[in-house]
Every structure is written in structure tokens, then in C-alpha cells.
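# Notes for the structure review
Here is what each chain is made of, one letter per residue.
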Amino acid sequence: GTYKALAEILKKHNPKQIFLVTGKGSYTSCGAEKLIEPMLKKYYYVKFDDFGTNPKLEDIEKGVRLFKEKQCDFVIAIGGGSVVDIGKSISILSSQKGNFKDFVIGVNKLTPKKITSVAIPTTAGTGSESTHFSVIYVGKTKYSLAHESMLPDYATIDPTFTEKLPPYITACTGMDAFCQAIESYWSINSTDESKQYSREAIKLIIKNLPDAVNKPPKEVREAMVKAAN
């Protein structure tokens, strides 16, 4: 039920025009539309879901154009890792001057974002809601757009939205979280604190992922979103 915090967040910031980033079908199928829309009724918002699975530069550019055209001042990203990454990218690139590609490939330096952002993950996988970078593809090349201010201002981690995930997606996103936890643990830049989190995530995933794929009880879904985060 932590998703209900969104109502208070919106009340606090009172946005003029919300930019709502969602997946094409997942927003409805995971139950988010039914639970989130009532909280948005008091506000103007524009929905953006016109992009593919992996964030591409042209998708980001399309999103920023719509963001500016509708004069948005607040971003909510509800979905898997790609959705959250696109929301984060738009929140910072919408206030940059210059060619977006130059920022993505590292030619130009980013300035801090000016847009408040909220991330609500609907998978237990990437943990993108709690990082300060996003993946963007330029052609077939994968880049990482990074800036400290890209970290979402708010993230609500609620297993409610993962309860209807099909077994295949549950398995894939769960393995994503597992691989990232291992990478974090053996990284040469790891710290005692990061190793503690990695270790906890690895233990949670080993214990809960098989059940998460095969008709999981609610506490298993909760363990998986905690592990991913």
C-alpha cells in the first residue's frame, strides 16, 4: 500500500502539468492504472508510452518534445526499468541546452535537473528507482546517462504492482536483480556498506525467486521488490 504516498507527494508539490511515463500494456495489466488514476483526477497530466523495450535516444527526444509542448513540471514514471530510465532521462534532459546526443555520449556535461520526479517500479528487477543513471541506446550502442540529480526525488516500492507479473517476466527481472547484486558484491569499488546490501539481496533472491516464479504468496513478492531495490 505504499503507492498511496503518491497522493501526499502530489499535494505537497501541486504540479501544474504531470508527465506520466508508463509501459504500453503493463500500466493496465499490473493494476497500476486502476489504483493510480484516482489520485491523478485533481491534476492535469499527459501520458507518454510511445517507446520500445530498451530506451532509445529518439524515444527520449520524442518524450522531451511532448514534455515541453505540454509545459509539464513534474514526472511520474510507473513501470519496469526501461520506463523508469526514460522518466529519469526526460526529467534531466528537458532542462538542458544543446544536442541531447552530446550529453548521452559524454561530450557535454549535464547540469542538475529542475524537475521533480517520482519512480514507481512494477517489476522486481533493475532497482532503477534508486540510482542516478539511466540506460540509453544510440543506434546499437548502449550508453549510461549519469548525474547525481537524476536520482528520483521519491520512490515508492510496492509489491502490489508485481503480483500479476507472469512467470517468465518474474524470472527474467529476478535474475537481473540477482546478477546486479553479484556484480555489486565483487566490484573493485565496493564498500562495506554496499557489500552488506548486496549480500542481503543475494540471500533474499536465492530464497524467494523460485517461489516468486511459481504462484507466490504476497510475502515472497515483497521480499523480491526489497531485494531488487
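Everything below is about the structure shown above.
Notes on the structure in this doc start here.

About the thresholds
Residues numbered from 1 in each chain as written. Predicted model: local features only at pLDDT ≥ 70, side-chain atom pairs only at ≥ 80, totals over all residues. Heavy atoms only, no water. Salt bridge = Lys/Arg side-chain N within 4 Å of Asp/Glu carboxyl O. Helix = DSSP H or I, 4+ residues; strand = E, 2+ residues; numbered from the N terminus. Buried < 20%, exposed > 50% of the residue type's maximum accessible area, 1.4 Å probe, protein only. Polar contact = N/O pair within 3.5 Å; in protein donor to acceptor, adjacent residues only side chain to side chain. Lys, Arg positive; Asp, Glu negative; His and termini not counted. Contact = heavy atoms within 4.5 Å.

## Focus: the pattern of salt bridges
Taken as a whole and assessed by the stated rule, the structure comprises four salt bridges. Among the salt bridges present, the one from K62 reaches D50, with a minimum N-O distance of 3.3 Å. Here K62, found in helix α4 (residues 57-69), pairs with D50, found in the loop between β2 (45-48) and α4; they are 12 residues apart in sequence, far enough to count as distant. For K62, a relative accessible area of 29% puts it in the partly exposed group. Exposure remark for D50: the relative accessible area of 41% places this residue in the partly exposed category.

## Regarding unusual backbone geometry
Phi angles above zero are rare outside glycine, and N14 is one such case at about 45°. As for its placement among the helices and strands, N14 is situated in the loop between α1 (5-13) and β1 (18-22). Looking at N14, the relative accessible area reads 55%, which means it is exposed. You will see that K215, though not glycine, has its phi angle at about 50°, which is positive. Looking at where K215 falls in the secondary structure, it is placed in the loop between α8 (192-213) and α9 (218-228).

## Let's talk about the side chain of S149
As for its placement among the helices and strands, S149 is situated in the loop between β6 (141-146) and β7 (154-155). Of the polar contacts made by the side chain of S149, one reaches the side chain of H147; its length is 2.9 Å.

## A short note on the side chain of D158
Summarising the element assignment, D158 is placed in the loop between β7 and α7 (167-186). For the buried D158, no salt bridge exists, and the shortest N-O distance to an oppositely charged side chain is 7.7 Å, to K4. In this structure the side chain of D158 is engaged in a polar contact, spanning 3.0 Å, whose partner is the backbone nitrogen of G1. A polar atom in the side chain of D158 sits 3.1 Å from the backbone nitrogen of Y3. Each residue touching D158, except ones within four places of it in the same chain, is listed here: G1, T2 and Y3.

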